[in-house]
Every structure is written in structure tokens, then in C-alpha cells.
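Chain residues, written in single-letter form:
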Amino acid sequence: QVQLVESGGGMVQPGGSLRLSCAASGFTFSNYALRWYRQAPGKERELVATITSTGDNAIYSDSVKGRFTISRDNAKNTVYLQMNSLKPEDTAVYYCHAWYLAYRYWGQGTQVTVSS
């Protein structure tokens, strides 16, 4: 059974940091590129960051570049999103996504709220 389980969300003040984790099971994790998306209320889902299967390359949206870092540990079947200098506009549900050939898997999402 394929599972992607996000954790690490919560409420944080502007300027603060959070680290999201996404633990995977049920598929060959090291074959898959991984992505973090987010969706704010009333907005479309937005691609935030992508990391290749080997972890040697990462791409970020302009809105998070320089503040967020995506990483992965293929030995632990886990992908991370380190989020620094958080802003109120980063408030959203964050989803991890795994992609390989025709295979696509989504996690259930974790809420991140940035507010004073």
C-alpha cells in the first residue's frame, strides 16, 4: 500500500522556521522525483520545490527561493522541506508528491499557518 505521510506543520510567527517531513512507503522511493506543493484557501495548488531522485538537483518557485530548502534521505524514504523566514503568505496546506514515469502519489497534506 502506497503511503505519503506529511508531518511538521503548525503555527509559527512571521520570520520563524518550520521543517516539514514526508515519510514514504509502498514504492521504490529512490526512483521517484519528489515535490512539495501548497494550497492556500481560495487559491490553486502551487508547486513550491522539486528534488531529483538522487537528490543532486533542486528547483524552487520564485516565491520561496532563498528561504526554503528541499532535501531527501533515500535510506529513510523521507523528503524534507526546511522553511525559514516564513511570511504570512506562506500560510497553506503543504502536500508532498512523488513522481516516476506514469506513477503519481500524493500525501494528505499538513497545515502551515504563519501569523502573529
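Scroll up a little and you will see the structure.
As a starting point, this report considers the structure included with it. (Residues numbered from 1 in each chain as written. Predicted model: local features only at pLDDT ≥ 70, side-chain atom pairs only at ≥ 80, totals over all residues. Heavy atoms only, no water.)

Next up on the list: the state of the cysteines. Evaluated as defined, the whole model comprises one disulfide. Disulfide partner of C22: C96, at an S-S distance of 1.9 Å. Within this pair, whereas C22 is found in strand 3 (residues 18-25), its partner C96 is found in strand 9 (residues 92-100), the two being separated by 74 residues in sequence. Using a relative accessible area of 1% as the deciding quantity, one classes C22 as buried. (Disulfide = S-S within 2.5 Å. Helix = DSSP H or I, 4+ residues; strand = E, 2+ residues; numbered from the N terminus. Buried < 20%, exposed > 50% of the residue type's maximum accessible area, 1.4 Å probe, protein only.)

Take the nonpolar core next. Counting 28 residues, the largest nonpolar core has W36, F68, V79, L81, M83 and Y94 as its most contacted members. Apart from the residues lying within four places of it in its own chain, the contact partners of V79 are L20, S21, C22, F29, L34, W36, I51, I70, S71, R72 and C96. (Core = buried A, V, L, I, M, F, W, Y, C linked by side-chain atoms within 4.5 Å. Contact = heavy atoms within 4.5 Å.)

Before going further, it helps to examine the pairing of strand 10 (residues 103-106). Relative to strand 10, strand 9 runs antiparallel, the two sharing four bridges. If you follow A98 over to strand 10, its bridge partner there is Y105. (Pairing = 2+ DSSP bridges.)

Among the secondary structure elements, R35 is positioned in strand 4 (residues 33-39). Within the buried core, R35 has no salt-bridge partner, and the shortest N-O distance to an opposite charge, that of E46, equals 13 Å. Side chain to side chain, R35 and Y37 meet in a polar contact 3.3 Å long. Leave out the neighbours within four places in its chain, and R35 touches L47, A49, T50, Y95, C96, H97 and W99. (Lys, Arg positive; Asp, Glu negative; His and termini not counted. Salt bridge = Lys/Arg side-chain N within 4 Å of Asp/Glu carboxyl O. Polar contact = N/O pair within 3.5 Å; in protein donor to acceptor, adjacent residues only side chain to side chain.)

With the rule as written, the count across this model stands at four salt bridges. Between R38 and E46 there is a salt bridge, and its shortest N-O distance comes to 2.8 Å. On the basis of relative accessible area, R38 is assigned to the buried category, the value being 6%. Relative accessible area serves as the criterion here: at 28%, E46 is assigned to the partly exposed category. Two residues, K65 and D62, come together in a salt bridge whose shortest N-O distance is 3.2 Å. Owing to a relative accessible area of 67%, D62 belongs among the exposed residues under this scheme. The network of salt bridges with shared partners includes R38, E46, R67 and D90.

Turning next to the sheet that holds strand 7 (residues 68-73). Here four strands make up an open sheet; going across it, the order is 1-3-8-7 and the pairing antiparallel. Of all strands in the sheet, those bounded by a partner on one side alone are strand 1 (3-7) and strand 7. Direction aside, neighbouring strands of the sheet carry axes that sit 15 degrees apart on average. (Axes fitted to C-alpha atoms, helices over the stretch in contact; angles between N-to-C directions.)

In short, shape yes, function no, at least from these values alone.
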